[in-house]
Amino acid sequence: MNLDELMAVWRTQDAAPLHDMNKTLLHLALRQDEAKLQKERRRERWIVYVGSTGVVVAMAVLLGMMILARERKVMTDWDFVIGIGGAAAALLAGGAMYVGHRARAQREQRFGESLRDQLNRRIAQLYDRATNTCASLVSVLLGGIGGTAIILLGYRVNEKAFSENGFTLVSTILMCVVLPVAAGVWEARRQARDVVLPHKRRLEALLKELDGQ
């Protein structure tokens, strides 16, 4: 039985006291929940690190093509600014993910392994997830700025001015970058409001019951 199932059983009982729950099962469920969370965090970090590396490599390739194209005098200094800015945004995204991970790990080290500590750790993790601005920052830096830079430089490498087919260029950025990033940020906030915070409140109620014994 996982943590959600144990909580569901507790919620269906009228004023169910904590001693009616199997504390050993609760302990194990919290450990399983922790393991699942850490697995999800590792996957998120690797996605960001790989994505950041991919954007930097793409910027390097496009900048190399731009240097060759500059000999034909079709590139401007602003094109190089876009490429460098896109690479910098990708590196900042990876750095923000790493710093955020280290900060979370240090905060969570203060909790022990008792049932109360495990509950407090899980509550802190849920609060961190609900209020986490790092994920939004990474999405904007990597997906927003990095993605826009790739599209713009791809356009310029083909020796097209931004004024040519401007509507198509703007539509491409809107559909491929702006809307997906905005949708991802909105979905994260919706999950925080509708899933994460209610779960946090349920665990706080459970902790209050435990402290009242």
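Bear in mind the structure is a predicted one, so any value in this text is a computation, not a measurement.

Reading guide: rules and limits
- Residues numbered from 1 in each chain as written.
- Predicted model: local features only at pLDDT ≥ 70, side-chain atom pairs only at ≥ 80, totals over all residues.
- Heavy atoms only, no water.
- Core = buried A, V, L, I, M, F, W, Y, C linked by side-chain atoms within 4.5 Å.
- Buried < 20%, exposed > 50% of the residue type's maximum accessible area, 1.4 Å probe, protein only.
- Helix = DSSP H or I, 4+ residues; strand = E, 2+ residues; numbered from the N terminus.
- Contact = heavy atoms within 4.5 Å.
- Phe/Tyr/Trp six-rings, centres within 6.5 Å; stacked < 30°, edge-to-face > 60°.
- Axes fitted to C-alpha atoms, helices over the stretch in contact; angles between N-to-C directions.
- Parallel < 35°, antiparallel > 145°, perpendicular 65-115°, else oblique.
- Left-handed = near helix turned anticlockwise from the far one by under 90°.
- Nonpolar A, V, L, I, M, F, W, Y, C, P; charged D, E, K, R; others polar.

Draft legend 1. Layout of the nonpolar core. If you look at the biggest cluster of nonpolar residues, it comprises 27 residues, and the most contacted ones within it are M59, M66, V138, L142 and L153. Taken together, the elements giving at least two residues each to this core come down to α2 (23-70), α3 (77-108), α5 (134-157) and α6 (166-211). With 9 residues, α5 is the single largest residue contributor to this core. Those residues within four positions of M59 in sequence are excluded, and the remaining contacts are G83, G86, A87, A149, I150 and L153. With 11 residues, the next largest nonpolar core counts L115, L119, V196 and L207 among its residues.

Draft legend 2. Up close: the packing of aromatic side chains. Taken as a whole and assessed by the stated rule, the structure comprises 1 aromatic pair. Between the aromatic rings of W46 and Y49, the centroid separation amounts to 6.4 Å while the plane-to-plane angle is 80°, which identifies the pairing as edge-to-face. Of the two residues, W46 and Y49 are both situated in helix α2; the distance of 3 residues between them amounts to about one turn of the helix. Classification of Y49 by relative accessible area gives partly exposed; the value is 24%.

Draft legend 3. Inspection of the packing of α3 against α5 at higher detail. At a minimum axis separation of 8 Å, α3 and α5 run at an interaxial angle of 155°. When the axes of α3 and α5 are compared, the pair comes out roughly antiparallel. Here α3 and α5 pass one another in a crossing that is left-handed. For the pair α3 and α5, the contacting residues are D79, I82, G83, G85, G86, A89, A90, L92, A93, A96 and M97 in the first and C134, L137, V138, L141, L142, I145, G146, A149, L152, L153 and R156 in the second. Grouping the constituent residues of the contact of α3 with α5 by class yields 16 nonpolar, 4 polar and 2 charged.

Draft legend 4. Inspection of the side chain of E108 at higher detail. Here E108 shows up in helix α3. Looking at E108, the relative accessible area reads 12%, which means it is buried. Other than its neighbours up to four places away in sequence, E108 contacts E34, Q38, R41, R121 and Q125.

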